[in-house]
Amino acid sequence: MVIENLAEVEKRICAACERAGRSRDEVTLIAVSKTKPVSMIEELLPGGTRDFGENKVQELCEKYDQLPRDIRWHLIGHLQRNKVKYVADKACLIHSVDSLRLAEAISAEAVKRQCIVPILIEVNVAGEESKFGVPLEETEQLVRKIAELPGISVQGLMTIAPFVEDPEENRTHFSNLKKLCVDLKRKNIDNVTMSVLSMGMTGDYEVAIEEGATMVRVGTGIFGERNYS
Ligand SMILES: *Cc1c(COP(=O)(O)O)cnc(C)c1O
């Protein structure tokens, strides 16, 4: 089932790229495997899927230990400073940095390990109180401060858009984030590439691609509903 679901998502990604006049290889599909067993991830490996997303440090580390080293693990969930040491060398990209304090902890760990950790800044595009992420208006200031840290490379922006019935409702949020990304890129800040725009989930990834996403994070659409009980 997982393979068929992935094929359907892939088809829709291609169609969205075509509508937007974009090339399929501008968009990375991250299969969000949180709460799902290692066996489901393994089903996708022969087809070439290597980008997987997890939102909890412990779960990412457990799966990391059980699966091949060429998997690219994306940490997409909120990260606590005391857990940075566990993921710093396991995640290929941390999508959820929204404070200078967290960035400082990541940088300190990177310096200790003599590596550079690639991160995205999480932006709260709709100003929802329940969500993590920095407000749009404060993003540039935070990017500039984080860019000064020695152990970090700021690769771009990420957002979790509001949960909506009709994905069209999120189009403006996605285009606003794309605009911000382009603006920041033009400023040529040292240590900041702004080459990644991580936005779009099962309900709205096609709209996100039309508005410029370079990474979409799809869980339910590939692995089915999650059971949190
Ligand atoms: C769970 C999760 C996703 C995937 O959500 P689906 O709606 O199941 O596709 C994407 N991004 C983040 C940050 C998540 O926590």
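This text goes with the structure placed above it.
What you see is a predicted model; the values in this text were computed from it and never measured.

Draft legend 1. Molecular detail of the pairing of strand β5 (residues 117-124). β5 sits mainly inside the fold: seven of its eight residues count as buried. Examined bridge by bridge, strand β4 (residues 91-97) and β5 share two bridges and lie parallel to one another. The partner of Val97 across the bridge, within β5, is Ile121. For the handedness criterion, the β-α-β arrangement of β4, helix α5 (residues 100-113) and β5 is classed as right-handed.

Draft legend 2. Just the side chain of Thr214, in detail. One can find Thr214 in the loop between α8 (205-210) and β9 (215-218). If we ignore the near neighbours within four places in the chain, the residues touching Thr214 are Arg22, Glu26, Val27, Thr28, Ser195, Val196 and Leu197.

Draft legend 3. Fine view of the nonpolar core. Ranked by size, the top nonpolar core spans 67 residues in total, and within it Ile106, Ile119, Ile146, Leu157 and Ile222 carry the most contacts. It is helix α1 (residues 2-19) that provides the largest number of residues to this core, a total of six residues. Ignoring any residue separated from it by four or fewer positions in sequence, one finds Leu157 in contact with Leu120, Ile121, Val123, Thr139, Leu177, Leu180, Cys181, Leu184, Met194, Val196, Leu197 and Ser198. Core analysis: the second largest hydrophobic core is formed by six residues, Ile30, Leu93, Leu120 and Val196 among them.

Draft legend 4. The arrangement of the state of the cysteines in detail. Scanning the entire structure with this criterion turns up zero disulfides. Cys115 takes part in no disulfide bond, and the closest cysteine sulfur to it belongs to Cys92, at a distance of 13 Å. Overall, Cys115 belongs to the partly exposed group, its relative accessible area being 27%. In this model Cys181 remains outside any disulfide bridge; the closest cysteine sulfur is found in Cys17, 16 Å from its own.

Draft legend 5. Representation of the site of the ligand in the model. The local shell around the ligand consists of Val32, Lys34, Ile76, Met158, Ile160, Met201, Thr202, Arg217, Val218, Gly219, Thr220 and Arg226. Within the side chain of Lys34, an N or O atom sits 2.7 Å from an oxygen atom of the ligand. Summarising the interface, the protein chains cover 90% of the accessible area of the ligand, which totals 390 Å² for the free molecule. In terms of residue class, the shell around the ligand is made up of six nonpolar, three polar and three charged.

Draft legend 6. The pattern of salt bridges, seen in detail. This model, assessed by the stated rule, comprises 21 salt bridges. The salt bridge partner of Lys63 is Glu59, with a shortest N-O separation of 2.8 Å. Taken together, the residues span about one helical turn, with Lys63 and Glu59 both in helix α3 (residues 57-66) at a distance of four residues. Among the ionic pairs, Lys131 bridges to Glu128, the shortest N-O distance being 2.6 Å. Owing to a relative accessible area of 24%, Lys131 belongs among the partly exposed residues under this scheme. Residue Glu128 is classed as partly exposed on the basis of its relative accessible area, which comes to 21%. Each of Arg19, Glu168, Arg171, Glu210 and Glu211 takes part in a single network of salt bridges with overlapping partners.

Draft legend 7. Seen up close, the packing of aromatic side chains. Within the structure shown, the criterion is met by one aromatic pair. An angle of 40° between the planes, with centres 6.0 Å apart, marks the rings of Phe52 and Trp73 as tilted. Of this pair, Phe52 sits in strand β2 (residues 51-54) while Trp73 sits in strand β3 (residues 72-75), placing them 21 residues apart in sequence. Accessibility assignment for this pair places Phe52 and Trp73 in one class, buried. Lys90 extends its terminal NZ or CZ atom over the ring of Tyr64, reaching a point 5.6 Å from the ring centre.

Reading the values: the criteria
- Residues numbered from 1 in each chain as written.
- Predicted model: local features only at pLDDT ≥ 70, side-chain atom pairs only at ≥ 80, totals over all residues.
- Heavy atoms only, no water.
- Buried < 20%, exposed > 50% of the residue type's maximum accessible area, 1.4 Å probe, protein only.
- Helix = DSSP H or I, 4+ residues; strand = E, 2+ residues; numbered from the N terminus.
- Pairing = 2+ DSSP bridges.
- Right-handed = clockwise from strand over helix to strand, strands pointing away.
- Contact = heavy atoms within 4.5 Å.
- Core = buried A, V, L, I, M, F, W, Y, C linked by side-chain atoms within 4.5 Å.
- Disulfide = S-S within 2.5 Å.
- Near = heavy atom within 4 Å.
- Polar contact = N/O pair within 3.5 Å; in protein donor to acceptor, adjacent residues only side chain to side chain.
- Areas by Shrake-Rupley, 256 points an atom, 1.4 Å probe, with all protein chains shown as cover.
- Nonpolar A, V, L, I, M, F, W, Y, C, P; charged D, E, K, R; others polar.
- Salt bridge = Lys/Arg side-chain N within 4 Å of Asp/Glu carboxyl O.
- Phe/Tyr/Trp six-rings, centres within 6.5 Å; stacked < 30°, edge-to-face > 60°.
- Lys NZ or Arg CZ within 6 Å of the ring centre and 35° of its normal.

In short, the description is geometric, and any link to function would need to be established separately.
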